[in-house]
Amino acid sequence: MLKVQHYSISKKLTLMNLLVSAAALLLACAGFCAYDLYSLRTAVIGNVSMQAQIIGDNTVSALLFNDPHSAEKTLSALRANPNLMYAQIYTYDGQPFAGYWRDRAGETRALPMIPAGQTQSHWFRDGHLGLARSIIFQGKAMGTVYIRSDLRAMNDRFKSYALIIAIVFLASLMVALLISRIFERRISKPVKELAETVRIVSREKDYSIRAAATGSQDELATLVDAFNEMLEQIQGHEVALRQAHDELEERVQERTRQLAAANQELEIRNHEVERATRMKSRFLASMSHELRTPLNAIVGFSDLLAEQTPGQLNDKQQRFVSHIKQGSAHLLQLINDILDLSKIEAGQLEFRCEDFQVKDALPEVLSTIRPLAMAKSIQIEQKLGTDHQVHADRVRFKQVLYNLLSNAVKFTPKAGRIDIDCREDGNFVAISVTDTGIGIRAEDQAVIFEEFRQVEGPAEAAQEGTGLGLAISKRLVERQGGRISLESEFGKGSRFTFTLPVGSTASQTPLISGPTILPVAAGGGRGKPLILIVDDEIAARELLATYLSPEYQIVMAESGAEAVVKAQQLRPDAITLDVLMPDSTGFETLVALRKTPDTASIPIIIVSIVDQKQVGFALGAADYLIKPIRKSALLETIRKHVAPQSDDDETILLVDDDPRTLELLEETLRSAGYETESVRSGARALEVLSSKQVSAVLLDLLMPGMDGFEVIRHVRQEPTLKELPIFVMTAKSLTGDELAVLNRETQALFHKNGSWHPQLIVEVGRVFQGRKLARSAAQS
Amino acid sequence: MAVVMAWVLVGVPCLRAQSSKPTDYDVKAVYLFNFGRFVEWPANGTAAKNDSFAICVLGQDPFGPALDATLAGETIDGKSVVAKRISTPEESGDCRIVFMSSAEDARMNKIIAALNKEAVLTVSDIPQFSQHGGMIQFVLEGKKVRFEVNLTAVQHAGLTLSSELLKVATTVRRNSSGD
């Protein structure tokens, strides 16, 4: 019964019918039984009452004439009725008069009470009926007769009645069950069939199946009809859906075919584009080589002429040479810019992004810009906040900054002012260059970043620019995830701002530029020795740099540790060292530099506010200057310790397939006091190297036959030539891999796209001086 | 009446008002009255025309006050029962029951013959009364008063006797005398 909700509908119906029938039958049977009991009792009472009356009537005379014997004779007639257990006649005043006992072993009982006003009373007690009746004779009560009858007959009768009722009950129940079965089948069978149909439909997804009609007109028939109608609709929908699906599939196939065709076409186009790109790359590569090589010769020879190395020039000749120099320098710049732009457009420019601090990259740019600014008495102010870290390609960052600063210098009148400031703006660092120049008209501001756009300005400024600097800067910044913008008021000045992503302050790696990639010192004098300025205060560094920059090449370090690293890498000709620095004192740095073999021979000049000359000299300082220092004193001291370029007869092997470049290099190096030998192929170079002692190799990369990389590989395989200094000079645009090889295997890389002479002299001089110092150190 | 009934029905004369036991005649007085209840008289008889139901004592009255006391206030068939004392059978014209005193022993047959012509129930305690044509004769069974019935005499007189009465009679005689 607990799980009646899990029964099948037919079981439930049967159960319901059975319960209903059983309940009805039980009620009916109970009613019958009650009625039977009642009527049986009434009959028994009537029977006994009648007997009592007869007995009473027949014993009146016995009572009147005091004849108990006669009464007993009358009573003995009761024996005919076996149910009568006992009878007693009482006199009027309640005395027992005569009695009868069925079992002859009776006792006389007290006269039962008959309620006043009644002639008879009866009671059922202990399975028998007791009945007392007054004996009335001629309207007068003469006595009482009391009869007790057992109920065996009645009970027997009742039992047989109950049996009959039970049989009737069971039979009725069976019949009800039978009938309910018949009816239940008529109800549950269609339901079961419907359920089965539903299951099949839902399992097979076959909506063409229909539920069978029940043949009757009841709700089940309605249900079946409704279900069939629903199936009809679903089938209709399904057919429509399938049609739609088929159509869709057809359309998809059609589209797929079209797409495939388009793809094929695209692939062809792609091939074409790829080919075009390859061609463009090849064009760019050859452009950079073919254009620069002759221009290199022009620039170089005009330099030599201007320096009057081959002989004295008169004023007119000098002026003409100067025009050639300016024109060719401009042309070289233009070519470089165009190639840069093309590379950016072609997506061939590689960015090597790293985290570095803005204030570390700035001095290298400033050292180039400052001479230009000083020429026009323009003051450059930097307002750099603390530690602005950017994530960018350091070289490209400097290029952008250089472009903006050189622009600012160009367009700012004499005695103007340029501000550099830097602030953090969300996830970006914004660097602004503000000048007090001529400003840019509002209508020009929109196009200022387009290629070959120049705003009207001073004639000389227009001449100097290529019109590509801002366009390149914009692309460089945007490729690194930043933006460049301009605010300007015509006549008052301009403010260029570019943003770059903030770098993580955690990765504050010391700034080590590649050992051979040196800052380009445009406009620097030739053969300038390298000075490392070590000071934690930027102002002090800048001051020293300004004093020294006309005569010397400058590298700066702001801490002792950085100084040691840079000194090892760059082997400067001298070091100026501040003693009071936060992380390690100047003296510690001094000791560290002295202990390191690579740097032990470099003269170190202490420039400090503290006067501890004894200590300084004791630790090996070459000289000791006390702040504030005069420019003349500083220069005098440096000159004392930095030897002029050596005139040693060191031979340098020049390898280039272009005779003009060879001649230019020969001239340049010989004028600096070096012996040279020239060969025009890699194979020849290897021959010379195997037969002759050579101090260094200056190598071109792009050569017919064996190219520069192959030469380097061969040289480095030779055990005796492992340490041979190799300088590379090329017009080739280098890939990252090539650059890595060159960084590893060579001492310096010069690019023909710039003014490489001064650098060349410095680098060669440094290598030779280092070797000389090492030799002398080894001798002592 | 209640008092009379009480001791009659108990069967043992026991008058609560009296200290002595009921005498035989006390019982016989009650019986006389009771006989009247079990007998039917012919509707056209002389006695039936009377307003009262007369129970007569012929000769010397042996009951004393007992009979009058017994019958006082009683009715049979709606007629009040009265006791009458007569000295000759000729006076029994409106009597229903005639009790013949034992003092009349000598002229019993003569009286019976005279009374049997009338629809009168004759009762007596004279021995051999029922054998000589008397209808009901008191007899003593031990100390208990019983009676004998001469049914033939009763039927001759046109009276109907209830079978109930016969049940309690010690002897019922049929055709035993009269001839």
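Please refer to the structure placed before this passage.
Worth saying up front: this structure is predicted, and the values here are computed from it rather than measured.

So what's going on with the sheet that holds strand 6 (residues 121-124) of chain B? Residues and values would help.
By definition, the strands of a sheet pair up through backbone hydrogen bonds, in either a parallel or an antiparallel sense. All names here are of chain B. Taking strand neighbours across the sheet as the criterion, the eight strands line up as 3-4-2-5-6-7-8-10 in an open arrangement whose pairing is mixed. Only two strands of the sheet have a single partner each, and these edge strands are strand 3 (75-76) and strand 10 (171-173). Looking at chain direction, strand 3 and strand 4 (residues 79-86) are connected through two bridges and run antiparallel. Pairing of Thr75 across the sheet is with Ser80, part of strand 4. Taken strand by strand, helix 4 (residues 108-115) contacts strand 2 (53-58), strand 5 (95-100) and strand 6, and its axis lies near 170° from that of strand 5.

Quick rundown of the nonpolar core? Include the residues and the values.
Across soluble globular proteins, you tend to see nonpolar side chains buried next to one another. Formed by 65 residues in total, the largest nonpolar core has its most connected members in Phe35(B), Leu121(B) and Phe147(B). Ranked by residue count, the leading element in this core is helix 2 (residues 24-38) of chain B, at seven residues. Once residues within four sequence positions are removed from consideration, Leu121(B) is found in contact with Phe35(B), Val39(B), Trp41(B), Arg96(B), Ile97(B), Val98(B), Met135(B), Ile136(B), Leu159(B) and Leu161(B). Leu366(A), Ile369(A), Val390(A) and Leu468(A) belong to the second-largest nonpolar core, a separate cluster that totals 41 residues.

Can you lay out the interface of chain B and chain A for me, pointing to particular residues and giving the numbers?
In this assembly, 20 residues from chain B lie in contact with 22 residues from chain A. Between chain B and chain A, a total of about 1,700 Å² is buried, with carbon and sulfur atoms accounting for 55% of that surface. For the interface between chain B and chain A, the tally reads one salt bridge. Notably, a salt bridge pairs Asp67(A) with Arg146(B), separated by 3.4 Å at the nearest N-O pair. Counting every contact that joins chain B to chain A gives seven residue pairs in polar contact (both at pLDDT 80 or more). If you list the elements that add at least two residues to the side of chain B that touches chain A, you get helix 1 (2-10), helix 2, strand 8 (144-150) and helix 6 (163-168) of chain B. Looking at the side of chain B that touches chain A residue by residue, the classes come out as 11 nonpolar, two polar and seven charged.

I'd love a proper account of the pattern of salt bridges, names of residues and values included.
Counted under the stated rule, the structure contains 31 salt bridges over all chains. Its salt-bridge partner being Glu542(A), residue Arg370(A) comes within 2.1 Å of it at the nearest N-O pair. With Arg370(A) in helix 7 (residues 358-375) and Glu542(A) in helix 12 (residues 538-548), this pair connects stretches of sequence that are 172 residues apart. Look at Arg370(A) and you get buried, because its relative accessible area is 18%. For Arg107(B), the salt bridge is made with Glu104(B), and the minimal N-O distance between the two is 2.3 Å. Classification of Glu104(B) by relative accessible area gives buried; the value is 9%.

Conventions used here
- Residues numbered from 1 in each chain as written.
- Chains lettered and ligands numbered in written order.
- Predicted model: local features only at pLDDT ≥ 70, side-chain atom pairs only at ≥ 80, totals over all residues.
- Heavy atoms only, no water.
- Pairing = 2+ DSSP bridges.
- Helix = DSSP H or I, 4+ residues; strand = E, 2+ residues; numbered from the N terminus.
- Contact = heavy atoms within 4.5 Å.
- Axes fitted to C-alpha atoms, helices over the stretch in contact; angles between N-to-C directions.
- Core = buried A, V, L, I, M, F, W, Y, C linked by side-chain atoms within 4.5 Å.
- Buried < 20%, exposed > 50% of the residue type's maximum accessible area, 1.4 Å probe, protein only.
- Buried area = accessible area lost by both parts, 1.4 Å probe.
- Salt bridge = Lys/Arg side-chain N within 4 Å of Asp/Glu carboxyl O.
- Polar contact = N/O pair within 3.5 Å; in protein donor to acceptor, adjacent residues only side chain to side chain.
- Nonpolar A, V, L, I, M, F, W, Y, C, P; charged D, E, K, R; others polar.

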